[in-house]
Amino acid sequence: MEETRLHLFNTLTRQVEEFRPFDEAGKTVGMYCCGPTVYDFGHIGNFRTFVFADLVRRYLEFRGFKVNHVMNITDVEDKIIRRVRETGKSLKEFTAGYTDVFLQDLKELNCLVPEEKNLPRATEHIPQIIDLIEKLVARGIAYRATDGSVYFSIEKYRGCGCRYGQLVNLNFEAMRVGERVASDEYDKESVADFALWKARVPDDGDVFWPSPWGEGRPGWHIECSAMSMALLGPSFDLHLGGEDLTFPHHEDEIAQSEGAGVQPAGRPFVKHWLHGAHLLVEGKKMSKSLGNYFTVRDLLAKGFTGREIRCLLLSASYRETFNFTLAGLEGARAQLARIDECVGKLRELAGSTVASASPSVPALVTGFTAAMDSDLNVSAAWAVVFDWVRDTNRSLAANELTPALATAALAAWERLDTVLGLGAKPTGEAPADIVALANERVAAKKAKDFARADAIRAELKAKGWVVEDTAKGPKLKKI
Ligand SMILES: [Zn+2]
């Protein structure tokens, strides 16, 4: 098979193009993914984006790139402030609980979590945010309104030769110059000057910082511009997020970052934009009232594993709307069982045989690589995997495999699995629904919901299991 190169769709150019990082050696990739706004448990639609980002990172690493993966934690924003007010907790206490839960959910789905220094919190980057707004004010692109808030001027930005509407087409004819929008979320029919710094209002409670424009807090969009450039530099390779963030969030990130004029001449803020499509659940848009709103822990409590959820989320191309169903999770369970059975038999046959070095790349790896190089075509990649499972089962049944061949086949599978991240079949003694309950209890404890944690302990006991908290985490024992 001819060697292929990685091609990805770029929202900026609206076409599939070869992915090449700025690094002249073609090795290091700076990658930023918009992280969670920590005001609630993440739902399965959010996690489709994070599993997609994990796939991109893992595939880049498989392709030999060194990925500098940054994901922010949005810990001050309109919705968070509302919830802080409702709960009466401090901002820090409120967001720390949901941040822990989010990181635990990521691990449950076997997503590679960026190292701590690459998990920037907005509240820890207020000086960088103020510095960026000051640059925009100094260039005449941002202005202070009479209430003390600072807005980004679309008109001034466009007036200095910059383009607003790089990721989406916008109708400027319908726009009234100078109209302003204070909230972080708005639709593209009402393009308007957006808030960079929001002046303190009584509803903000204790959430405010001093600034050259008076006390207040940052807008959501400027947080990502400031944090991404602080960690990856003013111009970097790859920016990911869900497609719902394309406008206004990502468009505004470009405007703020390029408006500040900090990039080297001729370089954009971001070279390559990747957006993951929406998720439907049981054929409909997720909503709590329809009963199709699932968090990761809801699904664990139903007895599914993080591995099964990950497998299902990885079954469709990132650019297609995907219909997530409970029946689909059962299907993922069956698919994993087929893979586990095949890999298990190979392991048995291989025993402790050491693979001999072979100069040729196995067909499983070349087929998988060709599929993934084509804009991460996972459907084609899964077809390669299941053809391999079928052929391997056939060879095993016909006693055609030697231990050395089985060892080589396992090595090829393990290379693929560095991307798929399915891992080995779990060997825990407790059945999946019991493990799920135990996981839910851990989550409840982390969220400081001790009443719920105790209720789960009682439920486990009623089902014949006792949970013991050890230094290495909770352990389940049959009563
Ligand atoms: Zn963002």
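All of these numbers come straight from a predicted model, not from anything done at the bench.

Novice: Help me get a handle on the nonpolar core, residues and values and all.
Specialist: Grouped together as the largest cluster of nonpolar side chains are 119 residues, with contacts concentrated most on V51, I133, F152 and L196. In terms of residues, this core owes the most to one element, helix α1 (residues 44-62), which gives ten residues. Residues within four places of F152 in sequence aside, it is in contact with L136, I141, A142, Y157, D193, F194, L196, A255 and Q256.

Novice: Mind laying out helix α12 (residues 378-397), listing which residues take part and the relevant values?
Specialist: An ideal rise of 1.5 Å per residue puts 28 Å on 20 residues; α12 measures up with 28 Å between its terminal C-alpha atoms. All of the buried residues along α12 are V378, A381, V384, V385, W388 and T392. The buried residues of α12 all sit within an arc of 115 degrees when viewed along its axis, so they share a single face. Those residues of α12 that are exposed and angled more than 90 degrees off the buried face are S379, R390, R394 and A397. Of the surrounding secondary structure, the elements contacted by the buried residues of α12 are α10 (326-350), α11 (363-373) and α13 (403-420). At the C-terminal side of α12, N399 shows a positive phi close to 55 degrees.

Novice: Lay out helix α9 (residues 306-313) in plain terms, naming residues and giving numbers.
Specialist: Judged by how many residues are buried, α9 sits mostly within the fold: eight of eight residues are covered. Residues of α9 that are buried: G306, R307, E308, I309, R310, C311, L312 and L313. The inward-facing, buried residues of α9 abut α1, α3 (91-108), α8 (296-301), β13 (322-324) and α10.

Novice: Give me the lowdown on the sheet that holds strand β4 (residues 66-71), citing residues and values where you can.
Specialist: Sheets are built from strands paired through backbone hydrogen bonds, the pairs being either parallel or antiparallel. The strand order across the open sheet built from four strands is β4-β3-β10-β11, with neighbouring strands paired in parallel fashion. Looking at the sheet topology across the chains shown, the edges are occupied by β4 and β11 (270-276). Within this sheet the neighbouring strands show an average axis-to-axis angle of 20 degrees, counted without direction. As paired elements, strand β10 (residues 236-242) and β11 share six bridges and run parallel to each other. The partner of G242 across the bridge, within β11, is G276. Its contacts with the sheet place helix α6 (residues 220-232) against β3 (28-33), β4 and β10, and it is angled at close to 150 degrees to β4.

Novice: Please provide a residue-by-residue account of the domain arrangement of the protein chain, values included.
Specialist: It is common to give the size of an interface as the accessible area that goes away when the parts come together. When cut into domains, the protein chain gives domain 1 (7-280), domain 2 (326-414) and domain 3 (432-478). Once you take the C-alpha centre of each, domain 1 and domain 3 turn out to be 37 Å apart. With five residues of domain 1 in contact, the opposing surface of domain 3 contributes five residues. Looking at the side of domain 1 that touches domain 3 residue by residue, the class counts come to one nonpolar, two polar and two charged.

Criteria and cut-off values
- Residues numbered from 1 in each chain as written.
- Predicted model: local features only at pLDDT ≥ 70, side-chain atom pairs only at ≥ 80, totals over all residues.
- Core = buried A, V, L, I, M, F, W, Y, C linked by C-beta atoms within 7 Å.
- Buried ≥ 20, exposed ≤ 12 C-beta atoms within 10 Å, placed from the backbone.
- Helix = DSSP H or I, 4+ residues; strand = E, 2+ residues; numbered from the N terminus.
- Contact = placed C-beta atoms within 7 Å.
- Expected span 1.5 Å × (residues − 1).
- Arc of directions from axis to C-beta.
- Pairing = 2+ DSSP bridges.
- Axes fitted to C-alpha atoms, helices over the stretch in contact; angles between N-to-C directions.
- Domains from an automatic or database assignment.
- Nonpolar A, V, L, I, M, F, W, Y, C, P; charged D, E, K, R; others polar.

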